[in-house]
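Working through the structure, step by step
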Amino acid sequence: MFNEKIVNPAELRHWEGKIELYWIYTSGVAGDKFFKALKDEEKFIAAKCKKCGKVYFPPRMYCEFDFSETEYVEVSGEGSVRAFTVARLDKDEKLMEKPEIYAIIDMDGTDGCMVHLLGEVEPEDVYIGMRVKPVLKEKGEREGKITDILYFKPS
Amino acid sequence: MEVERISGLKFHKKQDVAIVGAGMTTFKRRLNETGKELSYLAIKQALEEADMDLSDIEMVVMGSAPDTFDGLHMKGEYLLDGSGGSDRPYMRVFVGGGTGVFAPIAGYWHVASGLADVCLVVCEEKMSSSHPHPQSAFKYIWDPILDRPLNPNLIWIFALEMNRYMHVHNIKHEDIALVSVKNKANALDHPCAQLAEKITVEDVLNSEPMALPVRRLDVSPPSDGAAALIMVAPHIARQVTDNPVWVTGVGWALDTTMWTNRDLYFPRYVAEAAKMAYRMAHITDPRKEIDVAEPYDPFDYKELHHMEGLGLAKKGEAPILTREGVTARDGDLPCSPSGGLLGVGNPIAATMGVKAGELYWQLAYRAGKRQVAKEVTTGVCQAWGDLMQVGTVMVMSNKR
Ligand SMILES: [Zn+2]
């Protein structure tokens, strides 16, 4: 019977499955440059297209629109808020202990933005266009990951 | 293999399709470049060969095998910006190992239909991301109830296929090992090769047993890499080159995932795909009319298996042709002059570079040190994959 309602699927013969895999992602040529500079020198690297001048942040080894090569340029890491949200429920719809502010940050001197957390600011005080600067982990704790930036705070 | 002659409107197309450029990265076990960066590097080379730039590209086809290797859902979308796909019609295709020839087939649809005059085809694979081993990802292609609880892996099932093939035709491992010896030696002339080496039949027979009869040197390695092709309409081909290579036939076929329910000694899905491509290319006697071939060779016995599926040899005859030197680079029917997957490497979809890419280079007389000795007009390339169930075939010719 197709319309028979299955109330307890465990009563049927069944198997459980799980995909047992993990991955090691490489950050690539441009990614390496970016994360090493962030970790070791607290510097922010972007990449400028040698043909059209577009500045990519984080850096890329190629310009996506004309496939020209890029050259690395240093930027301040500061920027301004382009959009933000205050997250109150997590992915499982549980109430978060403390709301998190996620923002798209327009990076100074580049044609790109990045998404990151805002900190040292109350949700009601955030506004679009707000100037922010990055807060990094202590040098010894940095691992060359995007989370080496703890959050951006008002500047 | 007998192929019927076709006339009339069957396989009608809007315009002919030419290949005018190809590129590929080096194939290696672990490359520092991301999949996007690899795609970019391969495309850059293809664009240079075709004397084009990205603004000339109208549509893009990406070929990449299952997401589990890269650990990225929607891998096609992820790879887009390194694939020249931004703001263009872009699609990803995959049929496992068959993707290396299926992606150019999809490129062919784009141009033959008249939807695009210039289509870029790029294939990328980064198998090194997957841990503990890419075989752990293959595990999930099996039926979760009938096969997977037995913990199969691809080497085991290919060992079953090889065993069946050897038994039905009474083939010795020595004769199969000759394919590995030939292809790894051919790869010495390929600048992108991962496992090029001079080896002997004894080396193969004495190499580490993996799942008998399969030994270490019977198998191609997992690799990272990318490859690209540029496919264009006739009026574009005329503008950019004096030596276009025409795609004269394409074919593909899939058999059931119930792989135990068919006799593994012969890949009938490859034969069906080949018949479709030959009918389109008006080839009735492939053994006579094909000058050079790139059959899929992830294992040494697979090249033989696929030669038979492609009608380049009678059933059971491929090992004899190999022993007689017919398939050598200076033979009458050179097979895998690139060095193939066994010698150059096996980054699943990106093997397009040693199959469709190599066939284009051979027919355009651009293969350099790898150029076969005989005069060539027409060739065939083929890929194979999924759960031993898909054949993808492309016939090319330097005469229109
Ligand atoms: Zn640019």
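What counts, and at which threshold
Residues numbered from 1 in each chain as written. Chains lettered and ligands numbered in written order. Predicted model: local features only at pLDDT ≥ 70, side-chain atom pairs only at ≥ 80, totals over all residues. Heavy atoms only, no water. Helix = DSSP H or I, 4+ residues; strand = E, 2+ residues; numbered from the N terminus. Rg over C-alpha atoms; globule rule 2.2 N^0.38 Å. Buried < 20%, exposed > 50% of the residue type's maximum accessible area, 1.4 Å probe, protein only. Contact = heavy atoms within 4.5 Å. Areas by Shrake-Rupley, 256 points an atom, 1.4 Å probe, with all protein chains shown as cover. Lys, Arg positive; Asp, Glu negative; His and termini not counted. Charge placed at Lys NZ, Arg CZ, Asp CG, Glu CD. Salt bridge = Lys/Arg side-chain N within 4 Å of Asp/Glu carboxyl O. Buried area = accessible area lost by both parts, 1.4 Å probe. Donors = N, O, S within 2.8 Å, 3.2 Å for Na, K, Ca; no water. Polar contact = N/O pair within 3.5 Å; in protein donor to acceptor, adjacent residues only side chain to side chain. Core = buried A, V, L, I, M, F, W, Y, C linked by side-chain atoms within 4.5 Å. Phe/Tyr/Trp six-rings, centres within 6.5 Å; stacked < 30°, edge-to-face > 60°. 1 Å grid on protein atoms, 1.4 Å probe; cavity = no way out; pocket = protein on both sides within 12 Å on 5 of 7 lines; lining within 4 Å. Points joined across faces, edges and corners; volume = space filled by probe spheres on them. Nonpolar A, V, L, I, M, F, W, Y, C, P; charged D, E, K, R; others polar. Pairing = 2+ DSSP bridges. Axes fitted to C-alpha atoms, helices over the stretch in contact; angles between N-to-C directions.

In this section: the overall build of chain A. Secondary structure assignment for chain A yields 1 helix and 9 strands. Across chain A, helices and strands are ordered from the amino to the carboxyl terminus as β-α-β-β-β-β-β-β-β-β. For chain A, the C-alpha radius of gyration of 22 Å lies well beyond 15 Å, the compact-globule estimate for 155 residues. Considering only C-alpha atoms, chain A reaches an extent of 65 × 40 × 35 Å along its principal axes. Within chain A, the proportion of its 155 residues that are buried is 34%. At a minimum sequence separation of 6, the contacts of chain A that also span at least 24 residues come to 49%. Counting every atom, chain A has about 10,300 Å² of accessible surface; 51% of that belongs to carbon and sulfur. Put simply, chain A has 24 plus and 30 minus side-chain charges, and the middle of one group is 4 Å from the middle of the other.

Turning to the overall build of chain B, a few remarks are in order. The helix and strand tally for chain B stands at 14 helices and 12 strands. Computed over C-alpha atoms, the radius of gyration of chain B comes to 19 Å, within 12% of the 21 Å expected from 2.2 N^0.38 for 400 residues, which places it in the range of a compact globule. Its C-alpha atoms give chain B principal-axis dimensions of roughly 50 × 45 × 40 Å. By the burial criterion, 67% of the 400 residues in chain B qualify as buried. Within chain B, counting contacts between residues at least 6 apart in sequence, those at least 24 apart form 77% of the total.

Residues and elements named next belong to chain A. Taken as a whole, this structure holds 38 salt bridges over all chains when the rule is applied. As a salt-bridge pair, Glu42 and Arg142 come within 3.4 Å of each other at their nearest N and O atoms. In this pair, Glu42 is assigned in the loop between helix H1 (28-41) and strand S2 (44-49) and Arg142 in the loop between strand S8 (131-136) and strand S9 (149-154), connecting sequence segments 100 residues apart. Among the residues examined, Arg142 registers a relative accessible area of 5% and is labelled buried.

So, on to the interface of chain A and chain B. Accessible area lost upon the coming together of the parts serves often as the stated size of an interface. Facing 25 residues of chain A, the contacting portion of chain B comprises 34 residues. When the area that chain A buries against chain B is broken down by residue, the three leading residues are Leu21, Tyr62 and Phe67 of chain A, summing to 28%. Taken together, the connections running from chain A to chain B amount to 2 salt bridges. In this structure, Lys139 of chain B engages Glu20 of chain A in a salt bridge whose closest nitrogen and oxygen atoms are separated by 3.6 Å.

Looking now at unusual backbone geometry. Here the amide bond leading from Phe57 of chain A into Pro58 of chain A is cis, since omega sits at -10°, within 30 degrees of zero. Turning to its location among the elements, Pro58 of chain A is positioned in the loop between strand S3 (55-56) and strand S4 (70-75). Residue His131 of chain B is joined to Pro132 of chain B through a cis peptide bond whose omega torsion reads 5°. Mapped onto the fold, Pro132 of chain B is located in the loop between strand S5 (130-131) and helix H4 (134-138).

With that out of the way, let us pick up the coordination of the zinc ion. Residues and elements named next belong to chain A. Protein coordination at the zinc ion comes from Cys49 (SG), Cys52 (SG), Cys63 (SG), Asp66 (OD) and Asp66 (OD), with a distance range of 2.2 to 2.8 Å. Binding-site remark: the zinc ion is held by donors from one chain whose sequence spacing is C-x2-C-x10-C-x2-D. Judged by its relative accessible area of 45%, Cys52 falls in the partly exposed class.

A few words on the side chain of Ser338 of chain B. All names here are of chain B. In this structure, Ser338 sits in the loop between helix H12 (318-323) and helix H13 (340-343). Of the polar contacts made by the side chain of Ser338, one reaches the backbone oxygen of Val354; its length is 3.3 Å. In contact with Ser338, other than residues within four places in its own chain, are Asn186, Ala187, His190, Glu294, Val344, Val354, Glu358 and Arg370.

Once that is clear, we can look at the nonpolar core. Residue and element names in this part refer to chain B. In terms of nonpolar packing, the biggest core is built from 109 residues, with Met231, Tyr278, Leu312, Val380, Met394 and Met396 touching the most fellow members. Take this core: its biggest share by element is 9 residues, from helix H9 (residues 268-281). Core analysis: the second largest hydrophobic core is formed by 30 residues, Ile43, Met52, Ile230 and Ile236 among them.

Moving on to the packing of aromatic side chains. Residue and element names in this part refer to chain A. On inspection of all chains with the given rule, the structure shows 15 aromatic pairs over all chains. Pairing Phe44 with Phe57 gives two aromatic rings, centres 6.4 Å apart and planes at 35°, and the pair type is tilted. Of this pair, Phe44 sits in strand S2 while Phe57 sits in the loop between S3 and S4, placing them 13 residues apart in sequence. Grouped by ring-pair contacts, the aromatic residues Phe34, Phe35, Phe44 and Phe57 constitute a single cluster.

All names here are of chain B. Per the counting criterion, the structure on display carries 1 cavity of 30 Å³ or more. Put simply, the largest cavity is a space of about 30 Å³. If you go around the largest cavity, the residues you meet are Val3, Glu4, Arg5, Ile6, Tyr278, Arg279, His282, Ile283 and Thr284. By residue class, the composition of the lining of the largest cavity is 4 nonpolar, 2 polar and 3 charged.

In this section: the sheet that holds S2 of chain A. Residue and element names in this part refer to chain A. Strand order in this open sheet of 3 strands is S3-S2-S4, and the pairing throughout is antiparallel. The strands lining the two open edges of the sheet, one partner per strand, are S3 and S4. Note that S2 and S4 share 6 bridges and pair antiparallel. If you follow Cys49 over to S4, its bridge partner there is Thr70. Contacts from H1 reach S2 and S4, with the element oriented near 145° to S2.

As a further point, take the side chain of Ser223 of chain B. Residue and element names in this part refer to chain B. By the secondary structure assignment, Ser223 is in the loop between strand S7 (214-215) and strand S8 (224-232). The class of Ser223 is buried, set by a relative accessible area of 0%. Here the side chain of Ser223 touches Gln194 through a polar contact of 2.5 Å, side chain to side chain.

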